[in-house]
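One letter stands for each residue in the lines below.
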Amino acid sequence: MATADTAAAAPAPRSRLQQIIDNIRALDQKQKLAGAAALALAIALVVGVLLWQREPAYAVLFSNFDERDGGAIVTALQQQNVPYRLSPTGNAILVPAERVHDVRLRLAAEGLPKGGLVGFEVMETQKLGISQFHEQVNYQRALEGELSRTIQSIASVASARVHLAIPKQTAFLRDNQKPTASVMINLRPGRVLDETQIAGIVHLVASSVPRMAQSDVSIIDQTGTLLTRKPNALDRPGLEPKQLDYVAEVEAAYIRRIENILLPILGKGNFSAQVTADIDFNQVEQTAETYKPNPSPDQAIRSQQINESRNADAGPQGVPGALTNQPPVPATAPITTPPVGNDGANAAAINSTRSAVTNYELDRTIQHVRQAMGQVKRLSVAVVLNNRTRTNQAGETESVPFTEQEIAQITSLVREAMGYNQERGDSLNVVGSAFAEPEAAPEVPLWKDPDVLELAKEAAGYLLILLVVLFVYLAIIRPLLRTVAPPPAQEEENEDMEEDEEDVEVSLSAAAAVDSYETRLARARELASQDPKIVAALIKEWMGVSEEGRK
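Numbering of residues begins from 1 in every chain and follows the order in which that chain's sequence is written. Restriction of local features to residues with pLDDT of at least 70 applies here, the model being predicted, together with a cutoff of 80 or more for giving and counting side-chain atom pairs; totals for whole chains, interfaces and linings are based on all residues. Note that water and hydrogens are dropped before the side-chain values are worked out from all heavy atoms of the structure.

## Brief notes about the overall build of the protein
Going by this rule: The helix and strand labels rest on DSSP assignments: H or I over at least four residues marks a helix, E over at least two residues marks a strand, and numbering proceeds from the N terminus. The classification of residues rests on relative accessible area computed with a 1.4 Å probe and restricted to protein chains. Under 20% of the type maximum is buried, over 50% is exposed, and intermediate values are partly exposed. Whether two residues are in contact is decided by their heavy atoms, any of which lying within 4.5 Å being enough. Areas reported as accessible are Shrake-Rupley estimates using a 1.4 Å probe. Residue values count occlusion only from the protein chains shown.
For the protein, the count of helices and strands is 15 helices and 15 strands. Looking at the protein as a whole, 19% of its 551 residues are labelled buried. In the protein, the proportion of contacts linking residues at least 24 apart, taken out of those at least 6 apart, comes to 69%. On the protein, roughly 41300 Å² of surface is accessible, and the fraction owed to carbon and sulfur atoms is 55%.

Spelled out as structure tokens, the structure:
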């Protein structure tokens, strides 16, 4: 009966959570502090690795800024509690990528960056009673700053400075001078300004200053090269960049024509064409006046004048002497006139004159010819055809050249496509040949492949996290759990021991009782030697001295 009552009075088995709590309470102060420190260290280590793995990306907020602007921007970021970094070169400020636009708008509201230049805002802080000279100087500074800011807004320009030379106006015309301007621009790496952009900057500056001509604006870059120099044929022999671009455009147009006519026939990659164009950039003006006689049927008389005169002088007649003074013989018809002796001496001398002046209409041609620039003087075209491939009976691929008839047909097509002109001196050459096989790119080793390296870095990061978690669990958490919570196997063994003890208690055999008593005594001694605290706690419970009893 006593044994049964004792078994009934035994406490119910505690849950695992209650056992862990009791074990934690049983620890002394040093053990509790050590366990808390180990747990905090484990959590900090895991969180640190995760944050290191997920480091936020930083983007450029401002770059290539003035030192004054850089200091003002850093001060504003510190006041707004925005994390920032400086680039290794110190010419850029980096902030978290997700906050770039927000921070830019906030800084813009504060007027940052100012660009290291003073604009028309300097006119807002003028003091009362300032002299006219200082006012003019401030106005010129403000105008230079505003022009510099405007030029810096061009994508290719990193920074710009404008210097204005504005002479004082005078009432004397001969002493009047026009203002001039000098612009210094710093281009971004790899950027250039074409002639259109340079002309735009010149026009901008000249239009912003009264009475300034575009020819009075000079622009130089960071290398000291004058960008507004006018072209000089003696100073710059050869073709200008625009002319070279035009030649390249003309050649590309002829190549496209040839490709469009050969592509449907030969296929892509089976031919290659090159064109060399000789372009005449000389501008020729010619005036010709031509006079050409009209043919006989088409002769047209403008005016005609004919002058004709006849003079008949009578010579001496008769025989010299008295007979000469006789009266003349009566006139008779010439036919019936009897012959008179000495005809040669008595014949009259006749003088006749005839002149004619005829004016014909003239065929007059006046021709004024002005040849345009950029005419094609001569074309040289070369076309290479790749041999066709076919598979023979043995299953091998062989190269088959084009026949002469096929090459002649292709030559005729190319001649028509390019606008062949023999009088101009054009040349065309079509050749068939086997193209060289493209060399295979060398295989990149696996350990040098950028994609593989990137994947390996990412995998190494996750592996590091896994190793840290395993280390924390095996080195910190697991020993702590073993100390606080006993293994389930030991609990089951204790439960089996209690069940065995209960079985022994209900046994009616004296020998079994003796054995059970000795066994229980041995177990109690072993338990007392291994863990005296448990025995002490058990004795206290038997004696009724417990935490609840004390309360």
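Structure's up, so let's keep going.
## Brief notes about the sheet that holds strand E15 (residues 427–433)
Convention followed: Strand pairing is assigned whenever DSSP detects at least two bridges linking the two strands. Each axis is a line fitted through C-alpha atoms, taken for helices only over the stretch in contact, and angles between the N-to-C directions span 0 to 180 degrees.
The sheet built from 3 strands is open, its strands ordered E7-E12-E15 with mixed pairing. Of all strands in the sheet, those bounded by a partner on one side alone are strand E7 (271–280) and E15. The mean angle between the axes of side-by-side strands here comes to 10 degrees, regardless of whether they run parallel or antiparallel. In the packing of helix H8 (residues 241–266) onto the sheet, the strands contacted are E7 and strand E12 (375–386), and the crossing angle to E7 comes to about 150 degrees.

## Looking at a nonpolar patch on the surface
Here is the rule we go by: Patch membership requires more than 30% relative accessible area and the absence of a salt bridge. Residues of like charge join within 9 Å; the nonpolar side chains Val, Leu, Ile, Met, Phe, Trp and Tyr join within 5 Å. In what follows, salt bridge is the name for a side-chain nitrogen of Lys or Arg lying within 4 Å of a carboxyl oxygen of Asp or Glu.
A surface patch of nonpolar side chains, about 570 Å² in accessible area, is lined by Leu463, Leu466, Leu467, Leu470, Tyr473 and Leu474. For Leu474, the location among the structural elements is in helix H11 (residues 450–484).

## Describing unusual backbone geometry
The phi torsion at Asn81 lies on the positive side, around 55 degrees, for a residue other than glycine. Inspection of the secondary structure assignment puts Asn81 in the loop between helix H4 (67–79) and strand E2 (85–86). For Asn81, a relative accessible area of 65% corresponds to the exposed category. Here Arg211, not a glycine, exhibits a phi torsion of approximately 60 degrees, which is positive. Take Arg211: it is sitting in the loop between helix H7 (195–208) and strand E6 (217–220). The class for Arg211 is partly exposed, based on a relative accessible area of 41%.

## A short note on helix H5 (residues 100–109)
Short version of the rule: Directions pointing from the helix axis toward each C-beta atom define the arc.
Within the span of H5, buried status applies to Val100, Val103 and Leu107. Axial view of H5: buried residues confined to an arc of 70 degrees, hence all on one face. Away from the buried face of H5 by more than 90 degrees, exposed residues His101, Leu105 and Ala109 are located. At its buried positions, H5 is contacted by strand E1 (58–63), H4 and strand E3 (92–96). Positive phi appears at Gly111, one or two residues downstream of H5, with a value of about 80 degrees.

## Some thoughts on the packing of helix H6 (residues 132–152) against H7
To describe two helices that pack against each other, one gives the angle between their axes and the distance between the axes. What counts is decided by this rule: Comment on the angle field: the value is read as roughly parallel under 35 degrees, roughly antiparallel over 145, roughly perpendicular from 65 to 115, and oblique elsewhere. Helix crossings are classified by the rotation of the near helix relative to the far one: an anticlockwise turn of less than a right angle makes the crossing left-handed, while a clockwise turn makes it right-handed. Asp, Glu, Lys and Arg are counted as charged, while Ala, Val, Leu, Ile, Met, Phe, Trp, Tyr, Cys and Pro are counted as nonpolar; the rest, among them Gly, fall into the polar class.
Where H6 meets H7, the axes come as close as 11 Å, and the angle between the chain directions of the two elements is 155 degrees. It follows that H6 is roughly antiparallel to H7 by the angle criterion. Along this stretch, H6 crosses H7, giving a crossing that reads as right-handed. Here Leu143, Leu147, Thr150 and Ile151 of H6 come into contact with H7, specifically with Ile201, Leu204, Val205 and Ser208. Among the residues forming the contact of H6 with H7, the class breakdown is 6 nonpolar, 2 polar and no charged.

## Some details on the packing of aromatic side chains
Operational definition: Stacked, tilted and edge-to-face are the three classes assigned to paired rings of Phe, Tyr and Trp, where Trp is represented by its six-membered ring and a pair needs centres within 6.5 Å; plane angles under 30 degrees give stacked, over 60 edge-to-face, the rest tilted. Counted as over-ring charges are cases with an Arg CZ or a Lys NZ within 6 Å of the ring centre that also lie within 35 degrees of the ring normal.
Inspection of every chain in the model, using the stated rule, returns 1 aromatic pair. A ring pair is formed by Tyr246 and Phe281, whose centres lie 6.0 Å apart and whose planes are at 70 degrees; its orientation type is edge-to-face. On the criterion of sequence distance, the pair formed by Tyr246 in helix H8 and Phe281 in the loop between E7 and strand E8 (285–292) is long-range, its members being 35 residues apart. Residue Phe281 is classed as buried on the basis of its relative accessible area of 17%. Sitting over the face of the ring of Tyr254, Arg257 holds its NZ or CZ atom 5.0 Å from the ring centroid.

## Things to note about the side chain of Ser380
Using the following cut-off: Polar contact criterion, stated in full: a pair of N or O atoms within 3.5 Å, where within protein one must be able to donate a hydrogen and the other to accept it, and residues adjacent in sequence count only if both atoms are side-chain atoms.
Considering the arrangement of structural elements, one finds Ser380 in strand E12. Engagement of the side chain of Ser380 in a polar contact is seen with the side chain of Arg378, the distance being 2.8 Å. Discounting residues that sit within four places of it in the chain, Ser380 has contacts with Gln274, Val275, Thr276 and Ser427.

## What about the sheet that holds E2?
Strand order in the open sheet made by the 3 strands is E1-E3-E2, with antiparallel pairing throughout. Strands with a single pairing partner mark the edges of an open sheet, and in this sheet they are E1 and E2. In the sheet, E1 pairs with E3 via 5 bridges, with the strands oriented antiparallel. Its bridge partner lying in E3, Ala59 is registered against Val95. Packed onto the sheet, H4 meets E1 and E3 and runs at close to 20 degrees relative to E3. Packed on one face of the sheet, H5 meets E1 and E3 and runs near 25 degrees to E1.

## Re the nonpolar core
Inclusion rule: Joining through side-chain atoms within 4.5 Å is the link that ties buried Ala, Val, Leu, Ile, Met, Phe, Trp, Tyr and Cys residues into a set, and such a set is a nonpolar core.
In terms of nonpolar packing, the biggest core is built from 24 residues, with Ile258, Leu262, Val381, Val383, Leu385, Ile410 and Val414 touching the most fellow members. Elements represented by at least two residues in this core include exactly H8, E7, E12, helix H10 (404–418) and E15. The leading source of residues in this core is H8, at 7 residues. Once residues lying within four places of it in the same chain are set aside, the contact partners of Leu385 are Leu266, Asn270, Phe271, Phe402, Ile410, Val430, Val431, Gly432, Ser433 and Phe435. With 21 residues, the next largest nonpolar core counts Leu147, Ala181, Leu187 and Val202 among its residues.

## What about the environment of Val381?
Residue position: Val381 is located in strand E12. Accessibility expressed as a relative area gives 5% for Val381, which makes it buried. Between the C-alpha atoms of Val381 and Gln274, which are 107 residues apart in sequence, the distance is 5.9 Å. Setting aside its immediate chain neighbours within four residues, Val381 contacts Ile258, Gln274, Val275, Val414, Met418, Ser427, Leu428 and Asn429.

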